[in-house]
Structures are given as structure tokens and as C-alpha cells.
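Examination of the molecular architecture
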Amino acid sequence: MASNSTPDKGISRRTALAAASTVGLTAMSLSTALPSAAAVPAEQASASLSGSPTRRPGGWHRYVQGPSSRTVRPVWITSSSGDVKNPDALLRPGGTRSVLRRPQPVAAPTWPAGTTAEASSSHAGNNGNDGQPRTYDASNAIDGDPDTFWNDDTLGVFPDVLTVTLPQVTSLSGITMISNSDGVPTDYTVDVWRDGDWHTAATVAGNSAVQKAVPFADKADTDRVRITVTNAQDTSHGNFTRVNEVWPAPVEPIPVPSVTVDFGKVVVGYPQIRFTSASANSPGVRVAFSETRQFLTDRSDFTRADQAGGAGGGTDQFAVPAKGANWTDHKGFQAGDKVFADGLHGFRYLKISLDALASDSPAAQPWGTVEIDSVALQFTAYVGTPSTYRGWFLCSDDELNRYWYGAAYTNELVTDTFRQDDVDPRNAWSATLEGKFILQDGAKRDRDPYVGDLAVSARTLYLTHDDAAAAARNVLADLADHQRADGWIPPASIGNYTLPLFDYPLYWVTCSWDYVLYTGDRAYATRYYPTLLKVLDTWYPSVTDDAGLVSKGLNGTGGYGDYAFLGRTGRVTYYNALYVQALQNAAQLARLLGQQADATRWNTRADTVAQAVNSLLWDAGSGAFLDSSTGAVRHAQDGNALAVVTGIADADRAASALAHLDATTKRPYGNAFMDNDTIFDQASQRVYAFTSYPEIEARFLAGRAESALDQIRRTYGWMDQNDPGITNWEGIGPGGSLYEGAYTSMAHGWSTGVLPALTHNLLGARPTSPGYATWEVRPQPAGVDWATGQLPTPHGPLGVEWENGDRVFRLTVHVPGHTQGSVAFPGDARGQRVSVGKRTLWDGRRAATRDVSVVDGTVTVSGLGPGEHSFVSEQRGN
């Protein structure tokens, strides 16, 4: 260790951090250590930082988004339609009731016996959403059964023609089109055959109604009716023409009574409706859910039943008994194989309609009277309240505070118990996870724990609710227990642990290190060290080429995907940068366990891969790393960001790569993950907060804190300001849209990187060895006036607060027992004076003690032990 270092002879940051574990600065301790986190409630802990900005009105508590209890109620009525009395009463249980009424419809008109139908094309039969064989012939449109339908066979190609032929000339005043809510015909003409030719009887444009009465301008005597569809709604089930029924008369639909309630933010759990009474005919209620108003229709934005090809018709159903019922939405049928509910939902908006599926008759009828007292939700996820936060953050920027706590709430929504009825239906259930506390990917979907997501969401968990760290450990341990014989580790339980992803086994390594780093759980490291050896020394060498780079396509991996299922092969910068990170982390874990030979081997391999990436994947013309050595030339956010974070890129290349991303990927809603569209159309307009996190981190590490905050404000500002607000989206598409439409998860744990970025980089505190035995505080204010926060450690809270004046920077650190660390001060060491009380530690040229040095141009004080340490840094001169 170099002491009394001058700026031009500063030691490396790595050396300084190592020294921090051996050198004490007990003479500078200003108070005794704080009590442990277990002994200090969060409210007291926030106030215990003397002189803290948390004493400002409101404090950090007002940003917390979690519910106060597991019973959550809506806060607004968004809309109501049809015959609804007192819709606002749904917000006030125990008072006036809401009443929905709908008269019994008259019998539908029918075609004369002998009527036939033919179409320009008909889709081949298959198993429908309910798993039962279905046909899609033209005759379904006139069979009197609204549960069957004609489906054309030309996806996205129009016109589609349906012709109905009657056995004799009949006088028609119009028709009624009953469409399928999976895709309503929007534009069509209706022609009738008369005098040996077709004549247009009606034209429809811009339709969105499932039941559309189409009156003719003049009554027509005809024996043939032709419907020519020129456009239809494009839905997740494809852009087809679907017609359930055509009736031989114009019948106006009876408005469906409905009320839409708004919970104010995305929530997750089991919806509950208290019905006080109903008419005696078993009136049906259909409940639709959506995270956004944009995709709130008479169908939910997502149901597991639809995804699994099951019942439900896109909504959850309930037949209300005459005496009423306290209904909780649990998965299953209410009556035999009729009246299905999907169970748990993640949503913001809930729409209740007095209606029933035709296939549910007579168990449920689409008419009658229903009286409702109230609507609620039984919240199933982690309930985060001010008293549960063991780590927190607050700064002078209100927007950044909102983003931090929005990310915390997003992560709480996906911290839940693994339950068979609530997980992804695509063979994701696992007996080894059932009943365990886990971190999954999304509140709405997929509701399965993916290890790549933990690279972000687990850090968010450790920094907010470290008492729930078992949610991450349970996932990591379960995936390790399902390791394949050749060393490959499954990314998730989905597909019975067989989903072939190329990058996610590396995330298991990095997430395992993160878990040990934040929690100090040596037992986990020991138990799963053989898993680590097998994935790094058996699996990845099997897909490594002669240059030492992992190459997708080797060993039968050409069809493997990655976090975005991207079609890239060969030497990919992202895979190799992630490989370097995994090798570096594995070496750290090996040293913890005394496996020095493994640590040396993995560090050597990481250096070899880094050199090969620089030699073979750097594009000097663009000043950035290539996405892949094969295919079209493009440069990706993921590979370039990780190259900076892992140290593959030196300072010059880091600056160049980040400048390239600035020039090519900046969007009003974040930074795109590709700089052009050669991998798929509009890739350069797509933003993933998942891959944005390492770029934000790279900007901080490269000394570009202002640009990091700019990226945060664009990415998280967009999500915060647009429906549903607060929570972090799975992905953002062109123009700031939902990148996968209604299917997009609007509360996704892998997008919460703003939280660890602000804590670790803006506030500046992070662990540097397992269990926070050592730590560092390295603030990067970037124009923020002040910040304060607390990191939960196994030894008690690590508290940090700083104020950033014009030329004066004040920093206080509250250190828990059994730990020690270092602090580094922003600004140029050459014009800086650092002091403790009246004692000068650094005068701009030399240090007063060997515990003070210059690291990477910044004044660093090492060996800080338990207690309170307050410093003042003054910038002098110009």
C-alpha cells in the first residue's frame, strides 16, 4: 500500500479496496457504532443520522408505494356504462350498494331451414382455447351457436368473403354481425343478390362492436347475402376475420352494464367482490383485468387460461346466487365444466360486467339484476411499508426518489410464494418450488423465477428488504439442483426446466456471487460450489472456440435463445462480456472458500477472453464493440455496457463505446438496445431497462454521472409518467409504446436497476466483500444537492449522507460493527482539502496519515471502523 501518495502516483482502486480490509482509522471515529438493524425500527434508523436531510418535511416514508395491509381497495371509478346505479358505492363498503340491471334479451332471429354458407377461405380445424376440437367453417356463422365461428385462412390478407344462400327469396331489412372479441371485423360491405347482380345494401367502417346491427337503406328481397371484409382488428390471436353469427335482421344490442374500478397502481393477488343479492336466474358476471387503460376491453389483457388454451373467454366468470356471495377469485369452475375463473391477477384496472358466456348457459345467464357492496383485492406479494424497509434512499431530486421507490414497489410485487395455480401455465410448476418464497419475473406474467432477472431484482431486494433474501436463494438453489449432466443450468422452471438459453447459466454464477456478497451466506457458497465448477469448467468450455471466446452454435447451441430470444450466433460480445463477469465473480467466491487454484485459473481465463474480445470484436470504425462477429454490422447496448462494467474496455474504449451509444440509441423514453434494425425491424427503437441497467452503471463507472442520470430520467421518467405509472415495464417499444402490446408486463423485476444504480453509484455505497465485511462509499453527485440512505447489512445498517455545496462536500458515514471500509470524495484531488473536524487529512498535495491516499485521482480514506465518521471536502482555487 502506498501512503502519502501524490495524484500522479496514485495506487489502483483494487489495491485500495484490498487495503481497506487491513488498515484501521480508529482515531478518527467520532462516535460509537450504531445498534444493529434488528434492534432499530426503520423510523428510528432514518432519524438517527444526525443532521440528516431525512429531517426535511415528509422524509422518505411518503414515497413508499406498498399497501398498508393485505386487503387493498380501489381508489377511483374509471367509467360505467349501461344500466348501473350508484357505481361510486363500490369504493365504500358497507353503505349504499351498486346495482347492475340488464333485461332478458329476445330470442335471436334465425335463417330459414336449408340456408347455407360458404367463404373465400376457412382455417383448418384444431383444438381451441378450451383444448377441445374445433372447426372454423363458414357454416358456423349461421348455426345459431355464438360459441362457434367462421375464421378465414389468410392471415392479414383481405378481402375475406362470406356468402349466405337462402332456400328462397326472403325480405330482409338488414343483418346483425356477431363477431369474435379476438378480432372484430372493422370494415366491410354487405351486398344482396337481385336482378342477376350484386347490389350494395350497407357499408360499415371503423367498427369495434362485437354485436353490430347493420340496417339496409332499403328493404331487400333476396336469396343471397355477401359480406366482404376489408379489415379486422389485429389481436394476439392474429389478424383474421372471425364471425360467430350472422342474423337475418338488424338487432341492436342491449348495453352490457359495467363498472371499471381503478386501484391507482398495479396490484397483484386474488380479486374479491362482495355481492349482496341477485335475481333468481343466476345472472353472470364477467370480470376483465388490465394493467393499462389502453388494453382494458371486455377481455383481460392477459389470462393464464388463454395462454394455456383453457376456458374463460378472456375474462373470469361468476354466477351470482340470489342470496349474494363473498366471492374470491380462485382458479377453477363454479359448476361442473362451466363458469371458469382464472384466479390470481396482476392489474390496475378491473371491469365488472353483467354478462355471461353463451357456453356457460344455463349455469350463468347474461341478464338479470346484481347488487354489489364492494370490490377489493387480497394482496399476495411482499407488503412493503416504512416499517419493513431495512434499506432506503432519499435525495434532493423528487423524481429520483419516485423512481427508487417505484422500483422497490415493482420488486415487492414479484416477491411472492410459488403456487401451482398462479404460475406460468407452460409446464412451469415444480414440486421443488411449491410453497416457497421466490422472486419471479412479472406480477401479471410470466410469474416464474428466471435467474437472469435476478441479476437486477435480487440486488433490489437485498437493498430494500434483505430479510426476504431467501426469495433469491430459493430460486438459485432450485435451479442448481436441476443442473444438467453436462453442466448447463436451466434459466427457470418453465418447460420443465428445459428452456434452452445460452446466457442464463452465467447469470446463475453472477447472481450466486451477489447473494453471498450481500448476505455473507458461506453455507450456500460451500453447498453449490460443485455446481459452479461444473458450469464453468464443463459446460462453457464445450461452447468455446479456438480463440477462447464462447460461440453460440457450437455443441448444438444454434437454437438456444437469450434474454430476448435474439437470433444472433457465433462470437457475441454480450455473451463473452457476461462470461468475463461470471469468471471474475467465481474467482471471488473461490477465494472466499480457500480455492485459490480455481480463482487463479478463472481470472486467467477471464483475462484471455477479455483480450480476445478487444482483439476480435472491437470495431474501430464505429468506436464500439460489435454485437456479433457474424451477420450484419451492429452494436448492442448489452455487450458494450458489460465490456465497460467488467473492465474489458480500457478508459479510452469505454468513453468511445458510450459516446457511440449516445449518438445512435438515445430516445425520449431511454436508450435502445441496438443501434440499427438489422436484427429485427425497429430494434433500434426498443428499450429494455434490463440491459439499460449495466449501461447506467457503466456511465457512472466511467465518470459520466450526468449522462447516467439523464438516461435514468428518460427511461424511468417515461414509465413513471405513463399509464399505469409507478411500476417498471418489461420493455418499451417504438414511440414509447408497450413493446409487446397487451402481453407486456408493466411490473417486471428485471427493470428495477434504477434502485441499485442510485444506491451504489449516486449515494455511492456498496459491499466489497461478503456480508459487508468490507464496503466502500464513493458518491457521484452529478448535480444533486444532497442524498442520504441506508444499506441493510448482516451486522446492522450502513448509513450514508452527503451534501453537495458549491465548493464544499460534506459526508457522514455510520458504520455497523464488525465491518470496515473506505470513502472516496468527488472532485480533483489536486485542488481539494479533506478534513475531519479541525484535522486536515489531505491538503491537496500530501496525506496526514497512511490511511489516506489518492485512488484514480480521488482522495480515498481507508480502514474506517464501526461508528460515525464525518468529513468535509473543500475544492480550492479555480
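Per chain, residues are indexed from 1 in the order of the written sequence. Given that the model is predicted, a residue must reach a pLDDT of at least 70 before its local features are reported, and side-chain atom pairs must reach 80 or more before they are shown or counted; all residues, however, enter totals for whole chains, interfaces and linings. The side-chain numbers reported here are obtained from all heavy atoms of the structure, hydrogens and water having been left aside.

**Examining the sheet that holds strand β31 (residues 765-767)**
Across the sheet, which stays open at both edges, the five strands sit in the order β31-β32-β36-β40-β39 with mixed pairing between neighbours. A strand with exactly one partner marks an edge of an open sheet, and here the two such strands are β31 and β39 (852-855). Across the sheet, the axes of successive neighbouring strands diverge by a mean angle of 25°, strand direction being ignored. Relative to strand β36 (residues 820-824), strand β32 (residues 774-777) is paired through four bridges, and the arrangement is parallel. Residue pairing in the sheet places Trp775 in a bridge with Gly821 of β36. The criterion for strand pairing is that DSSP finds at least two bridges linking the strands in question. Secondary structure elements follow DSSP: runs of H or I no shorter than four residues count as helices, runs of E no shorter than two count as strands, and numbering proceeds from the N terminus. A fitted line through C-alpha atoms represents every axis, and for helices the fit uses only the stretch in contact; the resulting angles, taken between N-to-C directions, go from 0 to 180 degrees.

**Some thoughts on the pattern of salt bridges**
Oppositely charged side chains may form a pair once their charged atoms are brought near each other. Each salt bridge in this description consists of a side-chain nitrogen of Lys or Arg and a carboxyl oxygen of Asp or Glu lying within 4 Å of one another. Summed over all chains, the structure comprises 49 salt bridges. Ionic pairing is found between Asp262 and Arg348, a salt bridge with its closest N-O pair at 2.7 Å. Within this pair, whereas Asp262 is found in strand β14 (residues 258-278), its partner Arg348 is found in strand β20 (residues 345-354), the two being separated by 86 residues in sequence. Judged by its relative accessible area of 5%, Asp262 falls in the buried class. Several salt bridges converge on common partners, so that one network encompasses Arg459, Asp514, Glu697, Arg766, Glu776 and Arg778. Think of it in three bands: with a 1.4 Å probe and only protein chains considered, a residue is buried below 20% of the maximum accessible area for its type, exposed above 50%, and partly exposed in between.

**Thoughts on helix α8 (residues 504-519)**
Each helix should span, by expectation, one fewer than its residue count multiplied by 1.5 Å. With 16 residues, α8 should cover 22 Å at 1.5 Å per step; its first-to-last C-alpha distance of 22 Å lies within 8% of that length. In the stretch just after α8, Gly520 is the one whose phi turns positive, near 75°.

**Quick look at the packing of helix α4 (residues 398-413) against helix α17 (residues 754-763)**
For the pair α4 and α17, interaxial distance at closest approach is 8 Å and the crossing angle is 125°. Judged by the inter-axis angle, α4 sits oblique to α17. From α4, Leu400, Tyr403, Trp404, Ala407 and Ala408 reach across to α17, where they touch Val754, Leu755, Leu758, Thr759 and Leu762. Classifying every residue of the contact of α4 with α17 gives nine nonpolar, one polar and no charged. An angle below 35 degrees is read as roughly parallel, one above 145 as roughly antiparallel, one from 65 to 115 as roughly perpendicular, and any other as oblique. Should any heavy atoms of two residues lie within 4.5 Å, those residues are considered in contact. In this classification, Asp, Glu, Lys and Arg are treated as charged, Ala, Val, Leu, Ile, Met, Phe, Trp, Tyr, Cys and Pro as nonpolar, and every other residue, Gly included, as polar.

**Remarks on the nonpolar core**
Side-chain atoms within 4.5 Å link the members of a nonpolar core, which is a set of buried Ala, Val, Leu, Ile, Met, Phe, Trp, Tyr and Cys residues. Membership of the largest hydrophobic core comes to 170 residues, with the highest contact counts inside it found for Trp508, Leu536, Tyr563, Ile712 and Val823. Looking at this core element by element, the count peaks at 12 residues for helix α11 (residues 573-592). Residues in contact with Leu536, not counting those within four places in the same chain, are Leu506, Val509, Pro541, Tyr579, Ala582, Leu583, Ala586, Trp602 and Arg605. Of all hydrophobic cores here, the second largest spans 37 residues; its members include Val259, Val267, Phe275 and Phe318.

**A short note on the sheet that holds strand β35 (residues 808-815)**
Taken in spatial order, the seven strands make up an open sheet running β22-β33-β34-β35-β41-β37-β38, and their pairing is antiparallel. Edge positions in the open sheet fall to β22 (392-395) and β38 (839-842), since each of these has one partner strand only. Pairs of neighbouring strands in the sheet enclose a mean axial angle of 20°, with direction left out of account. Examined bridge by bridge, strand β34 (residues 796-804) and β35 share six bridges and lie antiparallel to one another. Bridge pairing links Glu803 to Arg810 in β35.

**Section: the side chain of Glu291**
The topology assignment puts Glu291 in the loop between β15 (284-290) and α3 (304-307). In this structure Glu291 comes out as buried when scored by relative accessible area, which is 0%. Counted as a polar contact is a pair of N or O atoms within 3.5 Å, where, for protein atoms, one must be capable of donating a hydrogen and the other of accepting one, and residues adjacent in sequence contribute only when both atoms are in side chains. Within polar-contact distance, the side chain of Glu291 engages the backbone nitrogen of Met746 at 3.0 Å.

**A word on the environment of Thr604**
Inspection of the secondary structure puts Thr604 in helix α12 (residues 596-616). On the basis of relative accessibility, which here comes to 44%, the residue Thr604 falls in the partly exposed class. Linking Thr604 and Asp301, residues 303 residues apart in sequence, is a C-alpha distance of 49 Å.

**As for empty space enclosed by the protein**
Sizing a probe to match a water molecule and rolling it over the atoms shows the empty space that remains. Only protein atoms enter the 1 Å grid, on which a cavity is a set of points fitting a 1.4 Å probe that cannot get out and a pocket is an open set with protein on both sides within 12 Å along at least 5 of 7 lines, lining residues being those with an atom within 4 Å of a point. Grid points are joined across faces, edges and corners, and a volume is the space filled by probe spheres set on the points. Here the structure, examined in full by the defined rule, presents four cavities of 30 Å³ or more. There is about 200 Å³ of room inside the largest cavity. Looking at the largest cavity, it is lined by 16 residues, and the ones nearest its centre are Ala455, Tyr507, Gln581, Leu642 and Pro694. Those elements that provide at least two residues to the lining of the largest cavity are α5 (451-464), α8, α11, α13 (637-645) and α15 (689-701). Counted as a void, the second largest cavity has a volume near 40 Å³. The residue inventory of the lining of the second largest cavity, partitioned by class, reads two nonpolar, three polar and four charged.

**Side note on the confidence of the model for the protein**
Each residue carries a pLDDT score, the predictor's confidence in it, ranging from 0 to 100. Looking at the protein, pLDDT values average 92 and 93% of them are 70 or higher. In the model, residues 1-55 has pLDDT below 50 throughout and makes 134 contacts with residues more than four positions away in sequence or in other chains.

**With respect to α15**
Here α15 contains 13 residues, and its C-alpha end-to-end distance of 18 Å stays within 8% of the 18 Å for a straight helix at 1.5 Å per residue. Along α15, the residues that are buried comprise Ala689, Phe690, Thr691, Ser692, Tyr693, Pro694, Glu695, Ile696, Glu697, Ala698, Arg699 and Phe700. Gly703 occupies a position one or two residues after α15 and carries a positive phi of about 80°.

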